[in-house]
Amino acid sequence: DLAKRRLFCQGAEVHLTRGEYLLLRTLAIHRGEIVNRRQLIQAVWGASVVSHGSLDTLVNGLREKLNLQREGLISTARGSGYTLVEDSELRKVSAQ
């Protein structure tokens, strides 16, 4: 529930840091689209200078918190950024 800044995964509420929430919110708004690293860094940290490694660490922490496989719900677009996969794509990943 983006409006209430609450996330439920498999029926349980998942507590996110501010950065994790902003990252997931940005990906959700652009669901199914590749969001480049620059856009994600801007959304999470604003004008601060942040390395791509910090973004990768945040993404990996969010994946871990949501108990996702490496390329599950949040997919890496190598060299570009990340995408929150569409529901139909997620079902394909789950079926494999």
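Look up a bit, the structure's there.
Residues numbered from 1 in each chain as written. Predicted model: local features only at pLDDT ≥ 70, side-chain atom pairs only at ≥ 80, totals over all residues. Heavy atoms only, no water.

**Details of the overall build of the chain**
Let me state the cut-off plainly: Helical segments are the DSSP runs of H or I of at least four residues, strand segments are the runs of E of at least two, and each set is numbered from the N terminus. Burial here depends on accessible area, computed with a 1.4 Å probe over protein chains only, as a share of the maximum for the residue type. Under 20% is buried, over 50% is exposed, and the range in between is partly exposed. Here, residues are in contact when the closest pair of their heavy atoms is within 4.5 Å. All accessible areas in this document rest on Shrake-Rupley with a 1.4 Å probe, and a residue is counted as covered only by the protein chains that are shown.
When helices and strands are tallied, the chain shows four helices and five strands. Of the regular secondary structure in the chain, the N- to C-terminal order runs β-β-α-β-α-α-β-β-α. By the burial criterion, 32% of the 96 residues in the chain qualify as buried. Contacts spanning at least 24 positions in sequence make up 48% of the contacts within the chain whose residues lie at least 6 apart. If you sum the accessible surface of the chain, you get close to 6,300 Å²; carbon and sulfur atoms cover 48% of it.

**Things to note about the pattern of salt bridges**
Going by this rule: Criterion for a salt bridge: a side-chain nitrogen of Lys or Arg within 4 Å of a carboxyl oxygen of Asp or Glu.
Using the criterion set out here, one finds two salt bridges in the structure. Of the charged contacts, one joins Lys65 and Glu20 as a salt bridge, the two residues approaching to 2.8 Å between their closest N and O atoms. You can see Lys65 sitting in helix α3 (residues 52-65) and its partner Glu20 sitting in helix α1 (residues 18-29), a full 45 residues away along the chain. Looking at Lys65, the relative accessible area reads 35%, which means it is partly exposed. Among the residues examined, Glu20 registers a relative accessible area of 8% and is labelled buried. Among the ionic pairs, Arg37 bridges to Asp56, the shortest N-O distance being 2.8 Å. Of this pair, Arg37 sits in helix α2 (residues 37-45) while Asp56 sits in helix α3, and the two are 19 residues apart along the sequence.

**Remarks on the sheet that holds strand β3 (residues 35-36)**
To be explicit about the condition: If DSSP finds at least two bridges between two strands, the strands pair.
Spatially, three strands are ordered β3-β5-β4 in an open sheet, and the strand pairing comes out antiparallel. The open sheet has two free edges, formed respectively by β3 and β4 (74-77), since each of these has just one partner strand. Where β4 meets strand β5 (residues 81-84), four bridges bridge the pair, whose relative direction is antiparallel. Note on β5: the bridge partner recorded for Thr76 is Tyr82.

Any link to function would need more than the numbers given here.
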